[in-house]
Every structure is written in C-alpha cells, then in structure tokens.
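Structural overview for review
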Amino acid sequence: MADPRLFRLRVRFVEQGRLALLSHLEVARALERAVRRAGLPFAVSQGFSPHMRIAFGAALPVGVGSTCELFDVFLTDYVAPAKALAALQEASVDDLRPYECSYVDHSALAASVACPLSAYEAHLSETPERFAFPEVITVVRKKKEKELVVREFLQGEPTMEPLEDGTARLAFRLLAKPSGSLRPDVFLNAALDEMKRTEAFPSDARLLSITRIAQE
Amino acid sequence: MAMEDLWPRIEPLLLRVEKPTRYIDHEFLAGGEAPVRSEGDLAFCMIYPDTYELGQANQAVRILVNAVNATLGLYAERAFLPAVDMIAAMREEGIPLFSIESCAPLASFDAVGITLPHELAATNVLETLDLAGIPLRSSVRAQDDPFVLGGGPCALNPEPYAPFFDAIMVGEGEEMLPEVLGVIAAGRAEGLSREEILGKLAEVGGVYVPSLYRWRSEEEAQRSGSWAEPMSERAPEVVEKRIYEGFAESSAWEPCIVPFAEAVHDRLNVEILRGCARGCRFCQAGTMYRPVRERSADAIVEAVERGLAETGYDEVSLTSLSSTDHSQIAPILSRLNAKFANTGVRVSVPSQRLDSFGMEMAQLVAGQKKGGLTFAPEAGTQRLRDVINKNVTEEDLFAAIDAAFAAGWRRCKLYFMIGLPTETDDDIKGIASLAQRAYDRAKAAVPPDQRGSIRMSVSAALFVPKAQTPFQWDGQIPTEEAQRRANLLKHSVKYKAVDVSYHDPKSSFVEAVMSRGGREAAELVEEAWKRGARFDAWTELFDEDAWRGAAEALCIVPEDIAQRAFDPGFVLPWSHISVGVSQKWLARERRLAQEGTLTPDCTFAQCSACGVCSSLGVDNRLQEVRHG
C-alpha cells in the first residue's frame, strides 16, 4: 500500500459559507478536480479502474462548515509545499480553499482517522438560560435505532458565551470512536429540543450555524 | 436596475430539502471570468425545465449562456426547476423561482428562455412559469413582464407550447438567441410596446411568434396548405430553421461550469461534429441538425487537453449524434489515448454505430476504463431495419460484439423500438433472437472463467412518431397493443442472462400526443398541469390520471392525435415550420420505407436530395473523405 517512492502531501482547507451545504462525496469530488486543475503530479492507482491516490478526512455533515479539514494526496514527484499550496489555491473556489500543505510520513494515520477529536463552534439565534442536553440521543443508522450516550462522545463541558446582539456562541468538543460518532448537528438539535422542552430556550430559537474549528 | 437577492429567504429552506447543492451556485467556472452585468445590459435567464443535475449537464444551456454573455449589452444567468420538495417549500414560503447566480426572481429579468428538450417537459414549462409568477399565456402578459422564449428539439412542432411562449426559435441558437435579445433590448430602449417588439421578433430568421398566427380548422388547413395563418405582414408563412454556420471553425472549448452536485453526464463534453445524415427514418435529430459539420482533429484534441486541464474532470466525452462517423475519429482517439495514458482519464464516445465499431475502434475507445457499451440496432429483423433505413446488419452487430468483448467489455445494452411502422410479431421475436445470439457471440469472445460476468440487456421503448421525419404521417400503435408486444418480447427471451426492460408505454403515449398535436394540445397540457401533472419524464412522478382527466374534461380524444395515420398529402400541424428538408423528400422516404428500400448517407455516398443544402444555402462540411 505505502509505496515509499511516493510523496504524501497533507492539505488543510476550509469549507465555509454556502459550501458548508456540500455532502462529503461532493467535497471529495471537488477536491479531486482541484488537484487535477492544479496540475500536481498525483499518483494513479494500478488496476482495472485507475484513479487518483487521494484520501479524505472524517466526513463533515451537510450544513456544517469547517476551518480545518484535511486530505492526503500521493504525489509521484516532490513539489515544494508552498508551491503546491499556491497551485491548489489558484485552482479552488473561495469557500473550499486550501490554506496549508505539508508532507507527512507514510506511517502516519490515515486522514480519516488521524484526528478523532473535533472542536465545534455553534451560533444560536437566542441565548438560552442555561445549556442543557439529553443524556441519551437516539439515532437511526441503516434503518436500525441506536442509542448514543452523549457523555461517551462529549469531551469536557460545553461553554456558552452570550453575544452583544442577543445571540450566543457555543463551544464543545466531540470524540469520534471506531464504533461510530455523534454528529455535531444531531447533538445540537437534540440539545435545542431538550432546552425548548424545559423552556430554557424560546420555541422559535434557531441554530444559525455550526463550524468545526479544530481537529486533533 | 438591481434585482432582488432572494438568498436570505432561500438559505433557511436548504437544510430541509434533498440535495441542497442544487441551489447554491458558487461552482468553479473553468476557462472564463464570471460575467458581470453592466449598467443598461439586458438581463436574460436561461432555464432548463427540470432539476439542476439534468439541466447543468445540458450542452444547449452552456452554449447559449456563453453566447449571450459574449455579446455586448447582454447578460445571462441560469435557472433550473427545483425538485418537488423544494418547490413545495418555496410555495409555502411564497418564494418565487430564482436564478442560480444572483438568486433573483425570474420575473425581474427582461427575458427568459426555456429549452424544450423532449416531449415530456411540457407541464414543467408551466410549473416553471407559475413558480416564477410569470403569466402562463403570452396573451395576458403585461408590458413589463419578461419575454418568454423557447427553443430546442420540440420547436419542430411548437404548437403544444405555442400559447405559453412569446417567441419560439427553430434551429441552432448560437447566433439567433443574441439577435432576438438584441431586438428586445433595442425595443425596450426605444420604449416600444410589447406587440411592436413581438412584430420585430417575427422578422428575425428562424423565429416563430405564435400570437401572430391564427389557428385554422382542419378543413381550412387542408384546403389552404397550412394550419397557421399569418395575421401580420411581418410573420412569414413558413419559419425556416437557423443553422450556426460558423460551427465547424468555432472553438470546441468554451467556458464551462464544473458542478458540485453530481450531474447526469458529469464530465467534460466536447462536441466534435454536428448533424447526422445516416437518414434513419424515425429520427428527428437526423433532420433537425442537417447538414453534417465536423470540427477538425486539431481543434478537438486541443479542446480536450485544455478542457481537462481547466475543469479537472477525469472523463471526456466526444459528443455528437454519431461520433464514430467523424472522418478523423481514429487519429483523434489515438492522439488522446497517447496523451492521457496513465492519468486515470477516460475518453468516451457516446452512441457508437454498429457498422463503424470494429476491432480498431474497440481498442481505441477502450482507453483504460471499460463501462458498459450501448448499441442501437433499433429493430430485430433485417426487413424492419431496412424499413427504418437503419443501415446495419446482424453481422455488423456480431462483429462489434466480438470486438468489444475481446477488447475487455463485459456489459452490453441493446436498444430497440417497438411499434415501428410495418412491425409484425416476427420482428418482435427477432429482437429476442438477435439478443440471444449476441450473447452467444459475447460468450465465445470471452475466456471461460470470465463468462459469468457477461451482461446483455435489451431495452425497448414504444416508437413515438416525430414531426419533420419520414414517419411523421404514421400513428403510434395503441397502448394495449404495445403492452402485448412488450410481453411477447419478454416471453420470447429464453436466456436468463439476457434481461429485458421496456419503457412505460403510457408515458410514450403522452410523448406522441405532444409530438403530433396541434394548438389544441396546449389546452391539454395546461389542464393536465392544473390537475397535478409535472415531472412527467420521471417514471415515479408520471401521473396518467391527470392527463386522462384533462382529455376528458376538454373532450379531446388523445388517441386521435397520437395514433391516427395520414396519407402524405395530409397537411400536418407543423407544416409552417421547416427544417429545410422538403416534404417531397420526406414523403419519398416514407414510400421507400414501405418498400424496404435503403437510402444512403450523403456524407459517404451520393446525395439523396433532401433539400437542406439548397434551401438553407449550406453544405456538409467534412474534414476528410469519409469511408464507410
């Protein structure tokens, strides 16, 4: 798998604005096309259906933006990171834009599992009296209901900061596990429902945006 | 004049609907600068009357938006019909249909253009106009309403759409559309009335302004030789299609949007030639795009290289009605294969003809990835293939199968039509026999251990007689009979490895009504739409009851439109529209069909005097001599 002659370029990029609405598959396709447009010497897999050697980070739910996404692309020739970055930026749209390139070792974890811990920031249309969330959230996966214990995913306590315009900023961290993860939008919507139920939050209050701000 | 930006109202809906990427714009634009509207520019919106993933892939939309934006004083955006869930959300919130780039209400544009890609898009035209808040009928539009323009394949019989459009363009729009918009811009600048501007539009070559024609009764039409009576001196008796004469020399590469949402043909499309003179007697595209015009191998190879580099696509399709007919197709494919070896790029050629798909072509098209291969024998017996002038033999099919399966393909789809003129049960059984023997050939061409992966499928659709073809006088067979023949086909196929699918005859029936109807069919469309018909081309959304109910309410017998056969002397409802081929030639072709006599392709053999070159003052433009 790890061909030592190849160079593994890790690219970090933002996904913001309207493009937060892209699905993971759409992001993957768009990035692959950006790599082609940038003219980078990408490696091509051997076999019956040759394709670009590229690997994407953990999926971001539709509607969630990010300042810190990543993908790895394998190159057949060394390109200085600054030069690769400039070429990628030239080939990208503003809201899906690489901001950092660096080489990583072949032994490093795959992009999809390299950063299990994510920090998110959410923007709420109103400031709740207190932030609350249910202990267990039921999600449907592959047509089966599954109960997720929030504390198994949530790292530390969420913090809330009221803003001058009456809205609020919320920060929290979620850990992805090999067995599955709790999506930030699912967590927040469950929290909003819980707060509305206990009247800690007005019933017309809305979630304005969610952004992943760090992955480690 | 600044247009309203609806984005703040649209954005909150997008997390509730499927595939929000359809509505967000901000795609990568390859090879060009985003157009900017200057003060005083006429604003035009090009609309595909179906969802983004279908419309964004449409070449006409790309070509025409580019052509308008390249013209001084004109500015163009795109719009698509939202999917059913988004339409419902928009109606609930009172949000009108919007353009993609500016999120501006369509009703605030000076003109909108709706392409008419196939017969089942008619109710979507009304859904589009209604959602946009534009009055459905030309006759009730006010001075400041947008001009509603139409064009595309269905313009060859425009009557079922006539009352909904201010002007319909017949033929190729590269030059015609900017001319039409220029007339509207000048008229508006001079402060002319809507009626005066419509009169001026009727004088532009290729433009049909339905409101300037009175619709005659059948008896009157047969006596006078046309159903449409011009009510103004500006309106020509016959509207002749336009051709883009600069096609062969024009660049094969042009600015192109790379979508985020997966479009139906999500790849670089390079149009390598236009027109096909094979002369299949059922084929409307065959008369519509005559004469044949090829771009040069150099221009094509350069466009593919540049296009792939600028878009980042990993697939290019060399498009046309019959790409393997290009006189330089072999060198084009060899050059591209050499250039893109080991890059993961796939070069594909749609609609391969059976008789030009030999060993060489199989290897050239093979490239590196092999998907399924599609051939269209169209009919199951040589007799019927001769009737339709599909000039291919069983041996052509078998040779193509041998070549393809030896070159590594494992899947093949064969297209057929059911209900072609003169068809008998033997022809239906012939389809089954042909497909089974094709499977045997495929099996023989493949190593024994790989035979299990061979897939041969038969796809059959009910024949729809089309305007401006030799079969325009022929009726469609009744739906029940079509169903019987489809069942006969299914039962005649004995091999388990050959699967048979057929298109729902009920929607093909509506296609035939729309294909052959006169102006009364427009009433039917409007009534069917009022009863909930839309997205008729989406099998799961096709609503037969809405169409049946509409016909009953209007006392229209749709079978009389779809199924009635006429003598060639009968004046048809589209006789005021000409694609350049003479009625005499069409009638002769129909007679030759009944005799089973073939007519050769004039790009390979002698001219058959269809009349296009003389009436339009053009010629076939081939890069080299074609060898059949």
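Please read all numbers here as calculations on a predicted model, not as lab measurements.

1. A word on the overall build of chain B
Along the backbone of chain B there are 22 helices and 21 strands. Against the compact-globule benchmark of 25 Å for 628 residues, chain B has a radius of gyration of 24 Å, which places it among compact chains. Once local pairs closer than 6 in sequence are excluded, the contacts in chain B between residues at least 24 apart make up 77%. Accessible surface, chain B: about 23300 Å² in total, of which carbon and sulfur atoms supply 51%.

2. Describing the interface of chain A and chain B
Contacts between chain A and chain B engage 24 residues on the former and 29 residues on the latter. Summed over both partners, the interface of chain A with chain B buries about 2200 Å², with 58% contributed by carbon and sulfur atoms. When the area that chain A buries against chain B is broken down by residue, the three leading residues are Arg18, Arg33 and Arg37 of chain A, summing to 32%. Where chain A meets chain B, there are three salt bridges.

3. Let's talk about the packing of aromatic side chains
Scanning the model with the defined rule gives 17 aromatic pairs over all chains in all. Between Phe7 of chain A and Tyr78 of chain A, the ring centres sit 6.0 Å apart and the planes meet at 70 degrees, which makes this aromatic pair edge-to-face. Here the residue Phe7 of chain A occupies a position in strand S1 (residues 7-15), and Tyr78 of chain A occupies one in the loop between strand S3 (64-75) and helix H2 (81-90), the gap between them amounting to 71 residues. With a centroid separation of 5.6 Å and an interplanar angle of 25 degrees, the aromatic rings of Trp215 of chain B and Trp227 of chain B are classed as stacked. Highlighted residues: Trp215 of chain B in strand S8 (residues 213-215) and Trp227 of chain B in the loop between helix H8 (218-224) and strand S9 (228-230), separated in sequence by 12 residues. Assigned by exposure class, Trp215 of chain B and Trp227 of chain B land together as buried. Clustering of aromatic rings is evident, with ring pairs tying together Tyr120, Phe131, Phe133, Phe172 and Phe187 of chain A.

4. Quick word on unusual backbone geometry
Residues and elements named next belong to chain B. Going from Arg290 to Pro291, the amide bond is cis rather than trans, its omega being -5 degrees. Of note, Pro291 is situated in the loop between helix H9 (284-288) and strand S14 (293-294). Positive phi values are uncommon outside glycine, yet Phe535 reaches one of about 50 degrees. Relative to the assigned elements, Phe535 resides in the loop between helix H18 (520-530) and helix H19 (544-553).

5. A closer look at the sheet that holds strand S4 (residues 111-115) of chain B
Residue and element names in this part refer to chain B. Spatially, the six strands line up as an open sheet ordered S3-S2-S4-S5-S6-S7, and their pairing is mixed. Edge positions in the sheet fall to strand S3 (74-80) and strand S7 (207-208), since each has one partner strand and no second. Sheet topology note: the strand S6 (residues 167-169)/S7 ladder contains two bridges and is antiparallel. Bridge pairing links Ile168 to Tyr208 in S7. Helix H6 (residues 173-189) contacts strand S2 (42-48), S3, S4, strand S5 (147-151), S6 and S7 of the sheet and is inclined by roughly 165 degrees relative to S5. Contacting S5, S6 and S7, helix H7 (residues 194-202) runs over the sheet at an angle of about 20 degrees to S5.

6. A short note on the nonpolar core
Membership of the largest hydrophobic core comes to 231 residues, with the highest contact counts inside it found for Leu149, Leu201 and Leu318 of chain B. Sort the elements by how many residues they give to this core and helix H15 (residues 425-444) of chain B lands first, with eight residues. Apart from residues lying up to four places away in sequence, Leu201 of chain B is in contact with Phe147, Ala167, Val180, Val183, Ile184, Val207 and Val209 of chain B. Counting 28 residues, the second largest nonpolar core, distinct from the first, contains Ala132, Leu154, Leu170 and Ala200 of chain A.

7. Let's talk about the domain arrangement of chain B
Domain annotation of chain B identifies domain 1 (7-170 + 173-240) and domain 2 (368-503). Distance between the C-alpha centres of domain 1 of chain B and domain 2 of chain B: 38 Å.

8. Remarks on the packing of helix H14 (residues 394-406) of chain B against H15 of chain B
Residue and element names in this part refer to chain B. The N-to-C vectors of H14 and H15 enclose an angle of 35 degrees; their axes lie 9 Å apart at closest approach. The two elements H14 and H15 cross, and the hand of that crossing is right-handed. Here Glu394, Glu395, Leu397, Phe398, Ile401, Asp402 and Phe405 of H14 lie close against H15, whose contacting residues are Leu434, Arg437, Ala438, Arg441 and Ala442. Residue classes in the contact of H14 with H15 are distributed as seven nonpolar, no polar and five charged.

9. What to know about the pairing of S3 of chain B
Residues and elements named next belong to chain B. Most of S3 sits inside the fold, with seven of its seven residues counted as buried. Neither face of S3 is exposed, since Leu74, Ala76, Arg78 and Phe80 on one face and Tyr75, Glu77 and Ala79 on the opposite face are all buried. Pairing of S2 with S3, which is carried by seven bridges, proceeds in the parallel orientation. Paired with Phe44 across the two strands is Ala76, which belongs to S3.

10. Things to note about the pairing of strand S5 (residues 117-124) of chain A
Residue and element names in this part refer to chain A. Most of S5 sits inside the fold, with six of its eight residues counted as buried. Sheet analysis places S5 next to strand S9 (residues 168-175), joined by eight bridges and oriented antiparallel. Bridge pairing in S9 places Ala122 opposite Leu170.

11. Description of the sheet that holds strand S16 (residues 346-348) of chain B
Residues and elements named next belong to chain B. With parallel pairing, three strands are arranged side by side in an open sheet as S12-S15-S16. A single partner strand is all that each edge strand has here, and the edge strands are strand S12 (268-271) and S16. Taking the axes of each pair of neighbouring strands and ignoring which way they run, one obtains an average angle of 20 degrees across the sheet. In this structure, S12 lies alongside strand S15 (residues 315-319), joined through four bridges in parallel fashion. By the bridge assignment for S15, Leu268 is matched with Val316. With respect to the sheet, helix H10 (residues 297-311) is in contact with S12 and S15, its orientation differing from that of S12 by roughly 160 degrees.

12. A short note on the packing of helix H3 (residues 59-69) of chain B against H6 of chain B
Residue and element names in this part refer to chain B. Where H3 contacts H6, the two axes come as close as 9 Å, and the packing angle between them is 50 degrees. Put simply, H3 runs oblique to H6. Seen along the crossing, H3 lies across H6 with a hand that is right-handed. Side by side, H3 and H6 meet where Ile63, Leu64, Ala67 and Val68 of the first sit next to Gly173, Glu174, Leu177, Pro178 and Leu181 of the second.

13. So, the environment of Ile197 of chain B
Residues and elements named next belong to chain B. By secondary structure assignment, the location of Ile197 is in helix H7. For the pair Ile197 and Val183, spaced 14 residues apart in sequence, the C-alpha to C-alpha distance is 7.3 Å. When near neighbours in sequence (up to four residues on either side) are disregarded, Ile197 contacts Phe147, Val183, Ile184, Gly187, Arg188 and Leu192.

14. Side note on empty space enclosed by the protein
Residues and elements named next belong to chain B. By the definition in use, this model includes nine cavities of 30 Å³ or more. Looking at the largest cavity, it is lined by 15 residues, and the ones nearest its centre are Gln56, Ala57, Arg62, Arg267 and Asn269. Put simply, the parts of the chain that give the lining of the largest cavity at least two residues each are H3, strand S11 (256-258) and S12.

15. With respect to the domain arrangement of chain A
Residue and element names in this part refer to chain A. One can read the domain layout of chain A as domain 1 (7-103) and domain 2 (117-215). Put simply, the middle of domain 1 and the middle of domain 2, counted by C-alpha atoms, are 28 Å apart. The interface is formed by 13 residues belonging to domain 1 together with 10 residues belonging to domain 2. Roughly 780 Å² of surface becomes buried between domain 1 and domain 2 when both sides are summed, with 53% attributable to carbon and sulfur atoms. When the area that domain 1 buries against domain 2 is broken down by residue, the three leading residues are Pro61, Val64 and Cys68, summing to 48%. If you look at where domain 1 meets domain 2, you find one salt bridge. A salt bridge links Arg212 to Glu69, with the shortest nitrogen-to-oxygen separation between them at 2.9 Å. Seen at the junction of domain 1 and domain 2, the total is seven residue pairs in polar contact (both at pLDDT 80 or more). Among the residues making up the side of domain 1 that touches domain 2, the classes are represented as eight nonpolar, four polar and one charged.

16. Points about helix H3 (residues 184-197) of chain A
Residue and element names in this part refer to chain A. Along its 14 residues, H3 runs 20 Å from first to last C-alpha, staying within 8% of the 20 Å computed at 1.5 Å per residue. For H3, the full list of buried residues reads Pro184, Asp185, Phe187, Leu188, Ala190, Ala191, Leu192, Glu194 and Met195. Check the buried side of H3 and you find it contacts S3, S5, strand S6 (136-141), strand S8 (154-162), S9 and strand S10 (207-215). Looking one or two residues beyond H3, the residue adopting positive phi is Glu199, at roughly 55 degrees.

Reading the values: the criteria
- Residues numbered from 1 in each chain as written.
- Chains lettered and ligands numbered in written order.
- Predicted model: local features only at pLDDT ≥ 70, side-chain atom pairs only at ≥ 80, totals over all residues.
- Heavy atoms only, no water.
- Helix = DSSP H or I, 4+ residues; strand = E, 2+ residues; numbered from the N terminus.
- Rg over C-alpha atoms; globule rule 2.2 N^0.38 Å.
- Contact = heavy atoms within 4.5 Å.
- Areas by Shrake-Rupley, 256 points an atom, 1.4 Å probe, with all protein chains shown as cover.
- Buried area = accessible area lost by both parts, 1.4 Å probe.
- Salt bridge = Lys/Arg side-chain N within 4 Å of Asp/Glu carboxyl O.
- Phe/Tyr/Trp six-rings, centres within 6.5 Å; stacked < 30°, edge-to-face > 60°.
- Buried < 20%, exposed > 50% of the residue type's maximum accessible area, 1.4 Å probe, protein only.
- Pairing = 2+ DSSP bridges.
- Axes fitted to C-alpha atoms, helices over the stretch in contact; angles between N-to-C directions.
- Core = buried A, V, L, I, M, F, W, Y, C linked by side-chain atoms within 4.5 Å.
- Domains from an automatic or database assignment.
- Left-handed = near helix turned anticlockwise from the far one by under 90°.
- Nonpolar A, V, L, I, M, F, W, Y, C, P; charged D, E, K, R; others polar.
- Parallel < 35°, antiparallel > 145°, perpendicular 65-115°, else oblique.
- 1 Å grid on protein atoms, 1.4 Å probe; cavity = no way out; pocket = protein on both sides within 12 Å on 5 of 7 lines; lining within 4 Å.
- Points joined across faces, edges and corners; volume = space filled by probe spheres on them.
- Polar contact = N/O pair within 3.5 Å; in protein donor to acceptor, adjacent residues only side chain to side chain.
- Expected span 1.5 Å × (residues − 1).

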